[in-house]
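# Residue-level structure breakdown
In case you want the letters, here they are:
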Amino acid sequence: MIDPLQIPHVWRAQSLRSQASATEPTGFDALDAALGGGWPVPALLEVLTDLYGIGELQVILPLLRALTKRTPAPPLIAWLNPPHQPNAVALVQHGLGGCHHWLAMNLSSQDTLWAMERALKADACSAVLAWAPTVDTASLRRLRLAVSTKGVYGILYRPTSVAVQASPAHVRLQLSSHSSLLQVKVLKAQGRKPSDLVLDVDRARLLDMRR
Amino acid sequence: MKSLPLPFELPIPPEPGGARPRALRVVVPSTTPSPSPLPSPRRRRGSIWLALHFRDWPLRAALSALSEPERAALEVQPLAVVDADRRSTVLACNEAAAEFGIRAGHSMNAAIALSADTHFLPRTSASEVELLRKVAELCGRYTSAVSLQPPNELTLEVRGSVRLFGGIAAVVDLIQSDFKQRGLDPQIAMSSTAQSSLWLARMADTPRVIQPRELIQNISRLPISVLLWPADIELRLIRFGVLTVGDLLRLPRGGLARRIGYERLAELDRAIGRHPEVRHYFAAAEMYSDPVALDFEIETTGLLSTIIEKRLRRLQTFLTRRNLSVDAIRIQLRHREQRVTPVMLGLASPTADMHHVSQLLREQLARVQLPAPVIAFSISVERMHPTPEITHELFNSSAAPTRLARTDAQARLLEQLRSRLGEAAVRSIDTRADYRPELAQRALSADVQSEKTRESLPKSLASRPFWLLCEPRDIPSTKLRKARPVGPERVETGWWDDHFAVRDYYRISSPQGALGWVYRDHLQSGRWRLHGLFG
């Protein structure tokens, strides 16, 4: 049997990231390991979920906290077309109180993507969160380009039905619930193998009878 | 040494509103002052200064800020403008109030005691500035050299105007009649220096014209209260027997400068023409209007925006030359038969960057439905602001964007989003002190604030879900039986308003694994409703 690594110009995918490009800790050890140190800097993150209330915001919460602390004041997070109303009190409870939140609800997918691209290019936000059910590859490419040139994190939530489609996003995660934990399927992470992992997103505490 | 009885009332301190220094009644000695120490006037040819002093300025300004019917209703009743200080000092009052004995300098309580029907208006500095600018614009009729002396005075250089209008008397008559039409009655004085004309105007019940050779003689008779110097200095001067400007001029300069400061000595020198005086002239606000007639009719907004963008470059040049910014641009699209489609470009913060404006214009025009082909358009700007100066860092110019750059970028983003998604589409969310979850936050119209106040929540407040459902959803209680809700947290508040709530909140886990926030509504026979999701 031939060992593929013996063939010239063949190498393991993990070693692609050996250049040790900067990473941003995700706040979860398992996820850090799966992504090779953390979120790439900067990154267009794609989060696929059909169900809300399973910890889909908890995954990116450490990232948001870190970003808003670092940017020159005043930090700003844009929420474009979220499925429900973000709760200002919960945002304060989770350490995003010192940050402005701009909210635009009930947009069409087209408007959402346009607004997301504008927000990324404007270099005004710490992070841009958007929810778009239908996205074409061309706009995804434009988003990725905007993220790469301006260095702002873009986080795009999409339904799980698009998991089979290719996407130019830097990182793609598919979320589902696993009892009180969050199951994360890393569909794509540049230079890493796809993997499955389970994160504790601080939910057992909420379902504890004693609290 | 026993102090002599003073032949005057003690002056009230000069009002910041520029109330006329009437209270000081000075007995001018009838003997002619000894001539020797008076400095000889150095005549400076070329300038004739005319000063306008307006009485009861705070009252006029406060009235000018009101609408016509409001003003008419107020003017007939006793009316007084009060300062924002602790006593609410009356700064000015109308004749109806004066009949009751109310005077400037009274406290608000004293005024109420004199007449309980007195209507009080707060002093508004902004309207005083605005009115003075309006008056200055009006004075542009007589001369181009108008300078403001806030709060309530103007000086005009009228040498050329005297020749143009045919004599000093003609100029004064013209000014008086013009202002009378507008309901203003300025005190007018003319002399060869701006400073002295101001002093004279403050005491001039009728217009006074002072020839250069009589200048010193005339201003020597003025009481020192016309100088409007700080009250403590005025009192100090009175204590050492200086009652008139003439007394002041006779004092040895060195000692005087030590006692009252060189600044004030220089003011005296400027008044008698010993030192030249530099005054800043008032410049009327810039306006921009650019009407463009098209050679052909345009039916599509795409082509139209290209043409308008080209024309905006003129505005860019105009602004760059003057170092100005705009925060609103009015574009009027003209059709046949005098029909007009207005397009307003409002900006969150003033800018001189027409590239950015063009982008907004394109978004805005894309939403405009043209009722007919466009045959002409005009670009006009009514208000301009000085461009803020941005200080760049000396080192590390490529480093992280500065605060200002960041705020600027946010303002631009907001404009772009609003121009496509609509004015009300982008909101900013913030917390509000209320235990009812749907009222514990408020959506404000988003804007670019510099700082956000840190909210503090009650420590005992249980975890709130990230998502709130806009409309709580009913859930059948059969579903809940298996779910074993965790709680409760009682929220019972709001009996004083329309949103009385008696609810028990529970956390439940759905079979799919979503964590929800449900409540039992005790006002609606214990119905269960889903209110939020722990995202």
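Note that the structure is a prediction, hence the values are computed from the model and not measured.

What counts, and where the lines are drawn
Residues numbered from 1 in each chain as written. Chains lettered and ligands numbered in written order. Predicted model: local features only at pLDDT ≥ 70, side-chain atom pairs only at ≥ 80, totals over all residues. Heavy atoms only, no water. Core = buried A, V, L, I, M, F, W, Y, C linked by side-chain atoms within 4.5 Å. Buried < 20%, exposed > 50% of the residue type's maximum accessible area, 1.4 Å probe, protein only. Contact = heavy atoms within 4.5 Å. Pairing = 2+ DSSP bridges. Helix = DSSP H or I, 4+ residues; strand = E, 2+ residues; numbered from the N terminus. Axes fitted to C-alpha atoms, helices over the stretch in contact; angles between N-to-C directions. Buried area = accessible area lost by both parts, 1.4 Å probe. Salt bridge = Lys/Arg side-chain N within 4 Å of Asp/Glu carboxyl O. Polar contact = N/O pair within 3.5 Å; in protein donor to acceptor, adjacent residues only side chain to side chain. Phe/Tyr/Trp six-rings, centres within 6.5 Å; stacked < 30°, edge-to-face > 60°. Expected span 1.5 Å × (residues − 1). pLDDT = per-residue confidence, 0-100. Parallel < 35°, antiparallel > 145°, perpendicular 65-115°, else oblique. Left-handed = near helix turned anticlockwise from the far one by under 90°. Nonpolar A, V, L, I, M, F, W, Y, C, P; charged D, E, K, R; others polar.

## Some points on the nonpolar core
Formed by 53 residues in total, the largest nonpolar core has its most connected members in A:L31, A:W39 and A:L129. Those residues within four positions of A:L129 in sequence are excluded, and the remaining contacts are A:L57, A:I60, A:L64, A:I77, A:A78, A:W79, A:L80 and A:I155. One finds A:A104, A:L107, A:A115 and B:A409 within the second-largest nonpolar core, a separate group that totals 34 residues.

## Some details on the sheet that holds strand β7 (residues 127–131) of chain A
An order of β11(A)-β10(A)-β9(A)-β3(A)-β8(A)-β7(A)-β4(A)-β6(A)-β14(B)-β15(B) is seen for the ten strands of this open sheet, with the pairing classed as mixed. Since the sheet does not close on itself, it has two edges, and those belong to β11 (195–199) of chain A together with β15 (441–445) of chain B, each with one partner. Here the average twist between neighbouring strands, direction ignored, is 25°. Sheet analysis places strand β6 (residues 100–104) of chain A next to strand β14 (residues 427–431) of chain B, joined by two bridges and oriented antiparallel. Bridge pairing in β14(B) links A:L103 to B:R427. The strands touched by helix α2 (residues 61–70) of chain A are β3 (44–48), β4 (76–80), β7 and β8 (153–158) of chain A; relative to β8(A), the strand with the most contacts, the crossing angle is about 155°.

## Looking at the side chain of B:E309
With respect to the element layout, B:E309 can be found in helix α14 (residues 301–322). Residues within four places of B:E309 in sequence aside, it is in contact with B:S358, B:L361 and B:R362.

## Quick look at the interface of chain A and chain B
Taken together, the contacts link 58 residues of chain A with 54 residues of chain B. Here chain A and chain B share an interface that buries about 5,300 Å² over both sides, 63% of which is from carbon and sulfur atoms. Together, A:W102, A:W114 and A:L206 form the three largest contributors to the area buried by chain A at its contact with chain B, with a combined 15%. Linking chain A with chain B are one salt bridge. In this structure, B:R420 engages A:D111 in a salt bridge whose closest nitrogen and oxygen atoms are separated by 2.8 Å. At the junction of chain A and chain B, the tally comes to 13 residue pairs in polar contact (both at pLDDT 80 or more). Those elements that place two or more of their residues in the side of chain A that touches chain B are β4, β5 (85–86), α3 (88–93), β6, α4 (109–122) and α6 (204–207) of chain A. Per element, the largest residue contribution to the side of chain A that touches chain B is seven residues, and it comes from α4(A).

## Regarding the packing of aromatic side chains
Counting across every chain of the model gives twelve aromatic pairs over all chains. Taking the centre distance of 6.1 Å and the plane angle of 10° together, the rings of A:W79 and A:W131 count as stacked. One end of the pair, A:W79, is in strand β4; the other, A:W131, is in strand β7, with 52 residues separating them in the sequence. Just as A:W79 is buried, A:W131 falls in that class too. With a centroid separation of 5.2 Å and an interplanar angle of 50°, the aromatic rings of B:Y505 and B:Y519 are classed as tilted. Here B:Y519 lies in strand β19 (residues 515–521) and B:Y505 lies in strand β18 (residues 501–509), a separation of 14 residues in the sequence. Residue classification places B:Y505 among the buried residues on the basis of a relative accessible area of 2%. Grouping aromatic residues by their ring pairs yields a cluster made of A:Y52, A:W79, A:W131, A:Y157 and B:W467.

## Some words on α4(A)
Helical geometry: 3.6 residues make up each α-helical turn, so side chains three or four residues apart lie on a common side. Residue and element names in this part refer to chain A. With 14 residues, α4 extends 20 Å from end C-alpha to end C-alpha; this agrees with the ideal 20 Å at 1.5 Å per step. For α4, the tally of buried residues reaches ten of 14 residues, placing the bulk of the element in the interior. Those residues of α4 not exposed but buried are S109, D111, T112, L113, W114, A115, M116, E117, A119 and L120. D123 sits one or two positions beyond α4 and adopts a positive phi of about 60°.

## Things to note about unusual backbone geometry
Peptide bonds are trans in most cases, and residues, glycine excluded, mostly fall at negative phi. Here the residue pair A:V41 and A:P42 is connected by a cis peptide bond, since its omega of -15° sits within 30 degrees of zero. Structurally, A:P42 can be placed in the loop between β2 (39–40) and β3. That bond from B:P150 to B:P151 is cis: its omega, 5°, falls within 30 degrees of zero. Take B:P151: it is sitting in the loop between β5 (146–149) and β6 (153–157). If you check the backbone angles, B:L228 has positive phi at about 55° while not being a glycine. Following the sequence through the fold, B:L228 ends up in the loop between α9 (215–220) and α10 (231–239).

## A short note on the pattern of salt bridges
Residues and elements named next belong to chain B. Under the criterion given, the structure shown has 31 salt bridges over all chains. D185 is the salt-bridge partner of R55, the closest N and O atoms lying 2.9 Å from each other. Of this pair, R55 sits in the loop between β1 (49–53) and α1 (57–64) while D185 is found in the loop between α7 (168–181) and β7 (187–191), placing the two residues 130 residues apart along the sequence. When its relative accessible area of 45% is taken as the criterion, D185 is described as partly exposed. The salt bridge involving R274 is made with D269; its shortest N-O contact spans 3.1 Å. Exposure remark for R274: the relative accessible area of 31% places this residue in the partly exposed category. If you follow the salt bridges from partner to partner, you end up with R432, D434, R436 and D497 in one network.

## Overview of the confidence of the model for chain B
Residues and elements named next belong to chain B. Within chain B, residue pLDDT values average 81, and 87% of them lie at 70 or more. Scored below 50 in pLDDT, residues 1–44 makes 66 contacts in the model with residues more than four places away or belonging to other chains. Reported for the predicted complex are a pTM of 0.58 and an ipTM of 0.87.

## Notes on the pairing of strand β12 (residues 374–381) of chain B
Residue and element names in this part refer to chain B. The buried fraction of β12 is high, at seven of eight residues. Direction of pairing for strand β9 (residues 288–298) relative to β12: antiparallel, over a ladder of seven bridges. Across the sheet, the residue bridging to S289 is S380, located in β12. Examined bridge by bridge, strand β10 (residues 324–335) and β12 share six bridges and lie antiparallel to one another. Its bridge partner lying in β12, Q332 is registered against S378.

## Let's talk about the side chain of A:D32
Residue and element names in this part refer to chain A. The topology assignment puts D32 in helix α1 (residues 29–35). On the accessibility criterion, D32 (16% relative accessible area) is buried. Looking at D32, its side chain comes within polar contact range of the side chain of T26, at 2.7 Å.

## Notes on the packing of α14(B) against helix α15 (residues 354–366) of chain B
All names here are of chain B. Axis separation between α14 and α15 bottoms out at 9 Å; the angle between their running directions is 155°. It follows that α14 is roughly antiparallel to α15 by the angle criterion. Along this stretch, α14 crosses α15, giving a crossing that reads as right-handed. Note on element contacts: α15 touches α14 through M354, H355, V357, S358, L361, R362, L365 and A366, opposite T301, L304, S305, I308, E309, L312, L315, Q316 and L319. Of the residues belonging to the contact of α14 with α15, the class tally is ten nonpolar, five polar and two charged.

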